[in-house]
There are 2 protein chains.
Amino acid sequence: MTGHPKILNVELGSKSYPIFIGSELLTQKSFITDHIHGQQVMIVSNTTVAPLYLDQVARQLDEYNVEFIILPDGEQYKTLETVNTIFDALLKSKFDRTSTLIALGGGVVGDITGFAAASYQRGINFIQIPTTLLSQVDSSVGGKTGVNHDLGKNMIGAFFQPKAVIIDVNTLDTLNDREFSAGMAEVIKYGLLGNADFLSMIEENIELIMNRDKDLITDVIFRSCEDKAQIVALDEFENGKRALLNLGHTFGHGIENTFGYGVYLHGEAVSIGMHMAAMLSMLEGDLSKEDINRIQNLLSKANLPTTIKKSMDSESLIKAMSLDKKSIDGNIRLVLLKSIGDSLITGSYSKENFNTVVSNFCH
Amino acid sequence: MTGHPKILNVELGSKSYPIFIGSELLTQKSFITDHIHGQQVMIVSNTTVAPLYLDQVARQLDEYNVEFIILPDGEQYKTLETVNTIFDALLKSKFDRTSTLIALGGGVVGDITGFAAASYQRGINFIQIPTTLLSQVDSSVGGKTGVNHDLGKNMIGAFFQPKAVIIDVNTLDTLNDREFSAGMAEVIKYGLLGNADFLSMIEENIELIMNRDKDLITDVIFRSCEDKAQIVALDEFENGKRALLNLGHTFGHGIENTFGYGVYLHGEAVSIGMHMAAMLSMLEGDLSKEDINRIQNLLSKANLPTTIKKSMDSESLIKAMSLDKKSIDGNIRLVLLKSIGDSLITGSYSKENFNTVVSNFCH
């Protein structure tokens, strides 16, 4: 399949755009250049990804005025100050409204660059080249861009759609195992929340997928993006159904916030969170013990944690969870499973069952 | 007409919103409260406007959790740092995605607050209460929000529509004469660029308008917003026809940039710029000497300058003009008049005529 990507069109009216998924896409010009309209292009990357792929991308752009900015790597740099350094660079180089920003890197680079593109001169062209599995299956669809604030994650940002997303699965060759597994948490999420067939496909092929078989990975990314695109198309600005994508995330954010940066990767916290949501769904009478085992088994085969390894008390977790953006008047809304492949958003579950789950996972 | 406003609906599909224009609107609850959906409201104002109108507005909101933030007054505070102080306040008060930002003040307060509303949690409710004639006839329509950067004005921002705009013409009672005249430059602009009937109406009533007759002012603001709304509806994201609104602005920005802040008000620079654009239109064979006299006469009756009073050299002005956001590859695109009430955007005018106009105004 080298060079012949799968193409997913994300349908959002005048904001529709294609996602190209396949091998060796970064060695071909047209996937990028077809989506550049002016002459000025700025590539935003970070100190980890730039040494690996910046040359390859820049080589496709020899007909343009190309500049680049290399950010330090890490979530702690996902700030308004960093966005401002991009504005500085754009203005110093006199980039106009026809210029294009390319995000080359993982979710952090994509979120920062997308917000810069949304806000520079009230919006310029934006192309995403996600290089981690997590960003390929998550940030490619949905148009969420933004940065953190000292007082909260992702509190500043915009909904802003890219002109195109180019996913070269070869970039996964340089991704470390732990990051790869973290991406798999989101992949498994799509199966659990709405696509039982996809979940079965992942289960049947989990060893090959974990060995990063190119054809299978291409298919897995395509189906993940397709599932997410269907949900986003129904609810672009996150007023309803889109919240289903938060399966495992409310518990997960609580775990991340309690431990702080660097203990669990986002995907790892989501993996534990999905296990917790599944447990609560079982206590609510919707899942069987076999379902729980099946979920835990798959997450384990993807080398993901399903329990909290470090000591954490219930109160801290619940407090962190109630700060979630989606909680309304302190009531923690959760995504629970009705069955494997079917989910709902609800604030009306037994608080006793909720407390049971939390205290079972905390110690 | 006290309390019974004129209502203009700005038609932008799902982003449509009403503009209420009339006397004593700030003493009535419903104009504001009908457009607040959550419980949390933050009023953003400045040190000049807050002492005059903040109490009046806050009094209508006794059923809500209201906070306010008072910015220093002046264009020099229209920065990303100021927007960040609004984010700080919103997060410290734990304002969620259902909260509402109200901009109470002139264009600077509106631009800053609008961008904060566009970016906080990727977009929250926004209500505008413009208190200067300029912001009432200009910022009420079009959704342009944003801040300045050291290297350029309005370089960072978003297109973001308010839920409602409330124009209480009584707020003009406290506006100084010079600011009132600056607002009139934009009013006259709408007549010149596309509405000869409106221009005649302004000419016939200019003395009463300058005396701030409430009924006439209400009508003038309504017709200005209506004209702008018609153009914006055709071109929300400023890719074409919307540039007609820049009549006088490319020359005007050049004058503002050359002299720096504080010499000319924006409207004053636009007034000179419209005179320059009209002169060039005459040299291009489209306006008569009588037309020029008519335009200059009306601007003078509105107490607006029509010539550059301080010394300025042609080269500086041309250089400043070619930095304009709308210039493409160094070619300065201008809005010129085909006749009074009819305009076009063009880059193909005689450079000799252009230079003649510039050197006639510079000395």
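Note that the coordinates shown come from a computational prediction; the quantities given were computed from them, not determined experimentally. (Residues numbered from 1 in each chain as written. Chains lettered and ligands numbered in written order. Predicted model: local features only at pLDDT ≥ 70, side-chain atom pairs only at ≥ 80, totals over all residues. Heavy atoms only, no water.)

In this section: the overall build of chain A. Helix and strand counts for chain A come out as 14 helices and 11 strands. For chain A, the C-alpha radius of gyration of 20 Å lies close to 21 Å, the compact-globule estimate for 363 residues. Expressed as lengths along the three principal axes of its C-alpha atoms, the size of chain A is roughly 60 × 45 × 35 Å. Across the 363 residues that make up chain A, the buried fraction comes to 61%. Considering only residue pairs separated by 6 or more positions, chain A has 75% of its internal contacts joining residues 24 or more positions apart. Accessible surface for chain A amounts to roughly 13900 Å². Of this, 48% is attributable to carbon and sulfur atoms. For chain A, the distance from the average site of its 31 positive side-chain charges to the average site of its 44 negative ones is 4 Å. (Helix = DSSP H or I, 4+ residues; strand = E, 2+ residues; numbered from the N terminus. Rg over C-alpha atoms; globule rule 2.2 N^0.38 Å. Buried < 20%, exposed > 50% of the residue type's maximum accessible area, 1.4 Å probe, protein only. Contact = heavy atoms within 4.5 Å. Areas by Shrake-Rupley, 256 points an atom, 1.4 Å probe, with all protein chains shown as cover. Lys, Arg positive; Asp, Glu negative; His and termini not counted. Charge placed at Lys NZ, Arg CZ, Asp CG, Glu CD.)

Time to look at the pairing of strand β10 (residues 334–339) of chain B. Residues and elements named next belong to chain B. Looking at chain direction, β10 and strand β11 (residues 342–346) are connected through five bridges and run antiparallel. Bridge pairing in β11 links S339 to D342. The turn linking β10 back onto β11 is made up of two residues, and G341 within it adopts a positive phi angle of 95°. (Pairing = 2+ DSSP bridges.)

Residues and elements named next belong to chain A. What the seven strands build is an open sheet, ordered β1-β2-β9-β6-β5-β3-β4; its pairing is mixed. Looking at which strands have only one partner, the edges of the open sheet turn out to be β1 (6–10) and β4 (65–71). Averaged over all neighbouring strand pairs, the angle between strand axes comes to 15°, with direction disregarded. Where strand β6 (residues 125–130) meets strand β9 (residues 164–168), two bridges bridge the pair, whose relative direction is parallel. (Axes fitted to C-alpha atoms, helices over the stretch in contact; angles between N-to-C directions.)

All names here are of chain B. With respect to the helices and strands, the residue I231 is situated in helix α9 (residues 214–234). In the structure, I231 is positioned 13 residues away from L244 in sequence and 8.3 Å away in space, judged by C-alpha atoms. Contact partners of I231, with chain neighbours within four places excluded, come to L193, K241, R242 and L245.

Right, let's get into the packing of aromatic side chains. Evaluated as defined, the whole model comprises 10 aromatic pairs over all chains. Here Y349 of chain B and F354 of chain B contribute two aromatic rings whose centre-to-centre distance is 5.8 Å and whose plane-to-plane angle is 35°, an arrangement assigned as tilted. The exposure classification of Y349 of chain B matches that of F354 of chain B, with both residues buried. Here the aromatic cluster, defined as three or more aromatic residues joined through ring pairs, consists of F251, Y349 and F354 of chain A. Geometry around Y349 of chain B places K351 of chain B over its ring, the cationic atom sitting 4.1 Å from the centre. (Phe/Tyr/Trp six-rings, centres within 6.5 Å; stacked < 30°, edge-to-face > 60°. Lys NZ or Arg CZ within 6 Å of the ring centre and 35° of its normal.)

Attention now goes to the UniProt feature "domain: 3-dehydroquinate synthase N-terminal" (unreviewed entry) in chain A. Residues annotated in UniProt with the feature "domain: 3-dehydroquinate synthase N-terminal" (unreviewed entry) correspond here to residues 69–181 of chain A. Helix makes up 32% of residues 69–181 of chain A and strand 30%, and the two end C-alpha atoms of the span are 29 Å apart. (UniProt positions renumbered as here; feature names shortened; annotations may be inferred.)

Turning to the sheet that holds strand β1 (residues 6–10) of chain B, a few remarks are in order. Residue and element names in this part refer to chain B. The strand order β1-β2-β9-β6-β5-β3-β4 describes an open sheet built from seven strands, whose pairing is mixed. Each edge of the sheet is formed by a strand with only one pairing partner; in this case those strands are β1 and β4 (65–71). Averaged over neighbouring strand pairs, the angle between their axes works out to 15° when direction is ignored. With four bridges connecting them, strand β2 (residues 17–22) and strand β9 (residues 164–168) associate as parallel partners. The partner of G22 across the bridge, within β9, is D168. Strands β1, β2 and β9 of the sheet are contacted by α9, whose axis makes an angle of about 10° with β1.

Moving on to the domain arrangement of chain A. Interface extent is often summarised as the accessible area lost during association of the parts. Residues and elements named next belong to chain A. According to the domain assignment, chain A contains domain 1 (6–174) and domain 2 (177–361). Relative placement of domain 1 and domain 2: their C-alpha centres are 26 Å apart. Listed as interface residues are 32 residues of domain 1 and, on the opposing side, 29 residues of domain 2. Of the roughly 2800 Å² buried between domain 1 and domain 2 on both sides combined, carbon and sulfur atoms contribute 67%. (Domains from an automatic or database assignment. Buried area = accessible area lost by both parts, 1.4 Å probe.)

Moving on to the relation of the copies chain A and chain B. When chain A is brought onto chain B, the operation consists of a screw motion whose angular component is 180° and whose axial shift is 0.0 Å, with 0.0 Å RMSD remaining. With respect to symmetry, the two chain copies, as superposed, fit the operation of a two-fold axis. A share of 100% of interface residues in chain A that are also interface residues in chain B marks the association as one of identical surfaces. (Least-squares fit on C-alpha atoms with pLDDT ≥ 70 in both.)

Residues and elements named next belong to chain B. Looking at where T346 falls in the secondary structure, it is placed in strand β11. Look at T346 and you get buried, because its relative accessible area is 10%. Among residues more than four places away in sequence, those in contact with T346 are I332, R333, L334 and L336.

A word on the interface of chain A and chain B. Opposite the 30 residues of chain A that make contact, chain B presents 30 residues. Summed over both partners, the interface of chain A with chain B buries about 2800 Å², with 57% contributed by carbon and sulfur atoms. Three residues stand out in chain A for area buried against chain B, namely L91, R97 and R122 of chain A, and they jointly supply 28% of the buried area on that side. Connecting chain A to chain B are zero salt bridges. Summed over the shared surface of chain A and chain B, the number is eight residue pairs in polar contact (both at pLDDT 80 or more). Put simply, the parts of the chain that give the side of chain A that touches chain B at least two residues each are α3 (80–92), α4 (107–119), β7 (144–149) and β8 (152–159) of chain A. With seven residues, the single largest contributor to the side of chain A that touches chain B is α3 of chain A. The residue makeup of the side of chain A that touches chain B, split by class, is 13 nonpolar, seven polar and 10 charged. (Salt bridge = Lys/Arg side-chain N within 4 Å of Asp/Glu carboxyl O. Polar contact = N/O pair within 3.5 Å; in protein donor to acceptor, adjacent residues only side chain to side chain. Nonpolar A, V, L, I, M, F, W, Y, C, P; charged D, E, K, R; others polar.)

A few words on helix α10 (residues 249–259) of chain B. Side chains that are three or four residues apart share a direction in an α-helix, a result of its 3.6 residues per turn. Residue and element names in this part refer to chain B. Burial of α10 is extensive: eight of the 11 residues sit out of reach of the surface. When we look at burial in α10, the residues that qualify are H249, T250, F251, G252, G254, I255, E256 and F259. In this structure, the buried side of α10 is in contact with β8 (152–159), α6 (177–194), α11 (266–283), α13 (314–322), β10 and α14 (351–361). Within two residues after α10, G260 carries a phi angle of roughly 85°, on the positive side.

What follows is about the pattern of salt bridges. All names here are of chain A. Taken as a whole and judged by the stated rule, the model has 25 salt bridges over all chains. Here K153 ties to E75 by a salt bridge, and the two come within 3.7 Å at their closest N and O atoms. Placement of the pair is K153 in strand β8 and E75 in the loop between β4 and α3, with a sequence separation of 78 residues. Looking at E75, the relative accessible area reads 22%, which means it is partly exposed. For the salt bridge of R212 with D177, the shortest nitrogen-to-oxygen distance reads 2.8 Å. One end of the pair, R212, is in the loop between α8 (206–210) and α9 (214–234); the other, D177, is in helix α6 (residues 177–194), with 35 residues separating them in the sequence. D177 gets classed as exposed once you look at its relative accessible area, which sits at 60%. The network of salt bridges with shared partners includes K29, D62 and E63.

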